[in-house]
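Residue-level structural notes
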Amino acid sequence: MQSIIDLDLYPLDRPQSPQWRTLVARARDDLARDGMFNLPGFFRPEALAAAGELLPKFGPGLYPQAPPQHLFPQDDQRGCPPIIPRCARWRR
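Because the structure is predicted, anything quoted here is derived from the model rather than measured. (Residues numbered from 1 in each chain as written. Predicted model: local features only at pLDDT ≥ 70, side-chain atom pairs only at ≥ 80, totals over all residues. Heavy atoms only, no water.)

What follows deals with the overall build of the chain. The helix and strand inventory of the chain stands at 2 helices and 2 strands. For the chain, the succession of helices and strands along the chain, N to C, is α-α-β-β. Buried residues in the chain amount to 16% of all 92 residues. Taking as baseline every contact in the chain between residues at least 6 positions apart, the subset at least 24 positions apart corresponds to 35%. Summed over its atoms, the accessible surface of the chain is roughly 7600 Å², and 62% of this surface lies on carbon and sulfur atoms. (Helix = DSSP H or I, 4+ residues; strand = E, 2+ residues; numbered from the N terminus. Buried < 20%, exposed > 50% of the residue type's maximum accessible area, 1.4 Å probe, protein only. Contact = heavy atoms within 4.5 Å. Areas by Shrake-Rupley, 256 points an atom, 1.4 Å probe, with all protein chains shown as cover.)

Structural data, given as structure tokens:
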């Protein structure tokens, strides 16, 4: 874990520490205020670089998607401009 996550900034390995409590309190405050929280610098740069090198190998199959489909597939879509909602193609 220490080779991937910056445990000095994010002490996930020390759940009873004051740094842990500070982190959790900040995340809760951000979540309550903004509806989300960020963890800048969470991943070590070396880990991000290594993941980036793997992305071309694994990336295409990571998020399988159904092909785009027409909202109303029974309608004849030929010659229909995609700006018209019934002619646009949508992803599920």
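Having seen the structure, we can now continue with the description.
Relative to the elements of secondary structure, Asp6 occurs in the segment before α1 (18-34). An unpaired buried charge is present at Asp6: no salt bridge exists, and Arg44, the closest side chain of opposite charge, is 4.1 Å distant. Contact partners of Asp6, with chain neighbours within four places excluded, come to Gly41, Phe42 and Arg44. (Lys, Arg positive; Asp, Glu negative; His and termini not counted. Salt bridge = Lys/Arg side-chain N within 4 Å of Asp/Glu carboxyl O.)

Within the largest apolar cluster, 5 residues are counted, these being Ile5, Leu7, Tyr10, Leu23 and Phe42. Look past the residues within four positions of Tyr10 in its chain and what remains in contact with it is Ile5, Leu23, Arg26, Leu39, Pro40, Gly41 and Phe42. (Core = buried A, V, L, I, M, F, W, Y, C linked by side-chain atoms within 4.5 Å.)

A word on α1. With 17 residues, α1 extends 24 Å between its outermost C-alpha atoms, agreeing within 8% with the 24 Å of an ideal straight helix rising 1.5 Å per residue. Buried within α1 we find Leu23, Ala27 and Asp30. Along the long axis of α1, the arc covered by the buried residues comes to 65°, so they all point the same way. Exposed residues lying more than 90 degrees from the buried face of α1 are Pro18, Thr22, Arg28, Ala32 and Arg33. Downstream of α1 by a residue or two, Gly35 has a phi angle that is positive, lying close to 80°. (Expected span 1.5 Å × (residues − 1). Arc of directions from axis to C-beta.)

Looking now at a nonpolar patch on the surface. Where nonpolar side chains cluster on the molecular surface, the patch consists of Ile4, Phe43 and Leu48 and spans about 280 Å² of accessible area. Counting through the fold element by element, Leu48 comes out in helix α2 (residues 45-58). (Patch = residues over 30% accessible without salt bridge, like charges linked within 9 Å, V, L, I, M, F, W, Y side chains within 5 Å.)

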